[in-house]
Amino acid sequence: MSVNLSVKQFLQPNLAAEIGKLLREVGLPPDILKLEITESTVMADPSAAVEMLLQIKSLGVQLSIDDFGTGYSSLSYLHRFPLDTLKIDSSFTKAMGQGGDSMEIVRTILPMANSLRLNVIAEGVETAEQLAILRKLRCEYAQGYYFSKPVTADEAGVLLGKNPKW
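Residues numbered from 1 in each chain as written. Predicted model: local features only at pLDDT ≥ 70, side-chain atom pairs only at ≥ 80, totals over all residues. Heavy atoms only, no water.

This part is about the layout of surface pockets. One number sums up the size of the largest pocket: a volume of about 730 Å³. Lining the largest pocket are 26 residues, and of these Gln143, Gly144, Phe147, Ser148 and Lys149 sit closest to its centre. Of all the elements in the fold, those that place two or more residues in the lining of the largest pocket are helix 6 (90-95), helix 8 (128-136), strand 6 (141-142) and helix 9 (153-161). Among the elements that take part in the lining of the largest pocket, helix 9 stands out by supplying 3 residues, more than any other. (1 Å grid on protein atoms, 1.4 Å probe; cavity = no way out; pocket = protein on both sides within 12 Å on 5 of 7 lines; lining within 4 Å. Points joined across faces, edges and corners; volume = space filled by probe spheres on them. Helix = DSSP H or I, 4+ residues; strand = E, 2+ residues; numbered from the N terminus.)

Next up, the structure:
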């Protein structure tokens, strides 16, 4: 289960303790939860972000950087963040195949993330062409309207029960 954290939530000093308390209260195994934090949020104060991410990671929760490529990431910090996943911003995915540098940016992010042992999810996939390019670049995971519009949990079960062939 992925949950987006806002800047305001991420800056709460007792965030890790609150997450731990909530996990215990609802009986959710921590490894089921993946918290998504935008790149700009962690880069606002990278040193403090490292500490907060380490506290959250110590709970067993998965961590993801959302909208990667839109902020001002420092590679000196990126390798220090205890992350599981990078989510490539949809602005790059949508522009692939239209000329420009977007495909080269995606092509660069993938091996860098793989060398850091991070999963990569390409956001904003809307066409078969974009999916084909991502497959050629060996991007394992993607999300976007090409697969489905947002659906309820029940609708997701029905959709996956149809065993779609993307």
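Core analysis: the biggest nonpolar cluster contains 42 residues, and Phe10, Leu35, Val42, Ile56, Phe81, Leu83 and Leu86 have the highest contact counts within it. Broken down by element, this core gets its largest block of residues, 5 residues, from helix 4 (residues 46-57). (Core = buried A, V, L, I, M, F, W, Y, C linked by side-chain atoms within 4.5 Å. Buried < 20%, exposed > 50% of the residue type's maximum accessible area, 1.4 Å probe, protein only.)

For the rest of this paragraph, the subject is the packing of aromatic side chains. The full count for this structure, using the stated rule, is 2 aromatic pairs. Arranged with centres 5.4 Å apart and planes meeting at 85°, the rings of Tyr146 and Phe147 form a pair that is edge-to-face. Measuring from centroid to centroid gives 5.2 Å for Phe147 and Trp166, while their planes differ by 90°, and the two rings are edge-to-face. A residue pair is termed long-range when its members are at least 10 positions apart, and Phe147 in the loop between strand 6 and helix 9 and Trp166 in the segment after helix 9 qualify at 19 residues. For Trp166, a relative accessible area of 32% translates into the label partly exposed. Members of the aromatic cluster, connected to one another through ring pairs, are Tyr146, Phe147 and Trp166. (Phe/Tyr/Trp six-rings, centres within 6.5 Å; stacked < 30°, edge-to-face > 60°.)

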